[in-house]
Each structure stands twice: as C-alpha cells, then as structure tokens.
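# Analysis of the macromolecular model
What follows is each chain in one-letter form.
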Amino acid sequence: MPGETELTSAYSSKVADDLEHNVAEQERIRGEVARLTAELDELMHDHGVLLSLRQALQSGAPASGRQVPRQKASGKTGKGAKSGKNSGAGKAATLVELIRDHLAAAGAPCSASEVTTALGEQHRDRHIQTTVVRTSLENLVAKGYAHRTKQGSSVFYTAAAPAH
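First, a word on scope: everything that follows refers to the structure included in this document. (Residues numbered from 1 in each chain as written. Predicted model: local features only at pLDDT ≥ 70, side-chain atom pairs only at ≥ 80, totals over all residues. Heavy atoms only, no water.)

## What about the nonpolar core?
- In terms of nonpolar packing, the biggest core is built from 16 residues, with Leu95, Ile99, Leu103, Val115, Leu119, Val133 and Leu137 touching the most fellow members.
- Other than its neighbours up to four places away in sequence, Leu103 contacts Cys110, Val115, Leu137, Ala146, Tyr157, Thr158 and Ala159. (Core = buried A, V, L, I, M, F, W, Y, C linked by side-chain atoms within 4.5 Å. Buried < 20%, exposed > 50% of the residue type's maximum accessible area, 1.4 Å probe, protein only. Contact = heavy atoms within 4.5 Å.)

So, in structure tokens, the structure goes:
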C-alpha cells in the first residue's frame, strides 16, 4: 500500500535523525564530563597540597617536598597550574602528563586501552584505569593537546603538534 510505504519511510527518516541527534548529544556530554572530571582531579590534587601545607605550617616542618600550586597564566584563581613535564625533583608526574608523553612518543594513533596497558606496565606502582585514561584523553582533546579519530566503532588518539 502506498500510504503505508510513505508512513514507514517518514518514520524511518525521523528515527535516523533522532539517532544522529542522540549520538551528537552523547559526544557533547562525554566532553563535558571529561572536562568536569579533569577539573575535579585538579581540585582534589590542590586540596591534598593545601592539606599538606596546613599540616606543615601547624607542625613547623617542611611540606614533604610538595610544591605550592602556581596560578595559571590565564589569571584564574583557585586552581593550581600543572607543569607540562615532570620537571620537579622527586615530583611524581600526573596521569595527564604521562598520557601526553605517551601519545607524543607513540608516533601512531592509540586507543584508551592501549594507553592504559602501556602506562600500567611502565608504572606498576600506580593503579591506572581505562575509564580514567579515556576521560583524560577526551579532556586533552577538548583542550587541543590531542586529536581523536574514529575507525569504525573504535576511537584512537594522537598527540597534537606543539604550538610554536
């Protein structure tokens, strides 16, 4: 029947549009969650540093080698700036720094699970989870430090070229 065919076609088109919109919204929200997770990670790190400083000030002892968070160049206050490399003597690199270094050294696109496996093997003292790595990678993409490509249903990441 011609009427049923047109109706089926209209519904199929509407469902396809709704699916496309749904996927776009998922990607948008994933990016926002990654950004918020990275912001929370920074706040938690800063909280630990501040607690250490308070304890050191109260006891009169040095703050166990931890550095005071520096203000970001953007002029925002309340969050410590993270160095781009593991330059502090005795200072452990952040997971984001490890991920950026791994992507830069890899020379080929890497999945979140590949990055997790490689970092887990290199840093056996750390418990590195794929979900945290994926969130960190998405945050790096959002900040322009990495690029994301899709190959079928797989997502791969590469380091962005340094801005000079």
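## Some points on a nonpolar patch on the surface
- A surface patch of nonpolar side chains, amounting to about 290 Å² of accessible area, comprises Leu40, Leu43 and Met44.
- The topology assignment puts Leu40 in helix α1 (residues 2–59). (Patch = residues over 30% accessible without salt bridge, like charges linked within 9 Å, V, L, I, M, F, W, Y side chains within 5 Å. Areas by Shrake-Rupley, 256 points an atom, 1.4 Å probe, with all protein chains shown as cover. Salt bridge = Lys/Arg side-chain N within 4 Å of Asp/Glu carboxyl O. Helix = DSSP H or I, 4+ residues; strand = E, 2+ residues; numbered from the N terminus.)

## Some details on the pattern of salt bridges
- Enumeration according to the criterion identifies seven salt bridges in this entry.
- Of the charged contacts in the structure, one is a salt bridge between Arg35 and Glu39, with a shortest N-O distance of 3.1 Å. Linking Arg35 with Glu39, this pair stays in helix α1, spanning four residues, or about one helical turn.
- You can call Glu39 partly exposed: its relative accessible area is 27%.
- Across the pair Glu138 and Arg148 runs a salt bridge, and its minimum N-O distance is 2.0 Å. Of the two residues, Glu138 sits in helix α4 (residues 130–143) while Arg148 sits in strand β3 (residues 146–151), which places them 10 residues apart along the sequence.
- For Arg148, a relative accessible area of 35% corresponds to the partly exposed category.
- A cluster of three or more residues bridged by salt bridges with shared partners is formed by Glu32, Arg35 and Glu39.

## Here we look at the layout of surface pockets
- Roughly 330 Å³ of internal volume is contained in the second largest pocket.
- Every residue lining the second largest pocket is counted, 16 residues in all, and those nearest its centre are Glu27, Arg30, Arg134, Glu138 and Val155.
- Of all the elements in the fold, those that place two or more residues in the lining of the second largest pocket are α1, α3 (112–122), α4, β3 and β4 (154–159).
- Within the lining of the second largest pocket, the residues separate by chemical class into five nonpolar, five polar and six charged. (1 Å grid on protein atoms, 1.4 Å probe; cavity = no way out; pocket = protein on both sides within 12 Å on 5 of 7 lines; lining within 4 Å. Points joined across faces, edges and corners; volume = space filled by probe spheres on them. Nonpolar A, V, L, I, M, F, W, Y, C, P; charged D, E, K, R; others polar.)

## Looking at the packing of aromatic side chains
- This structure, assessed with the given rule, holds zero aromatic pairs.
- One Lys or Arg, Arg100, reaches over the ring of Tyr145 and ends 4.0 Å from the middle of that ring. (Phe/Tyr/Trp six-rings, centres within 6.5 Å; stacked < 30°, edge-to-face > 60°. Lys NZ or Arg CZ within 6 Å of the ring centre and 35° of its normal.)

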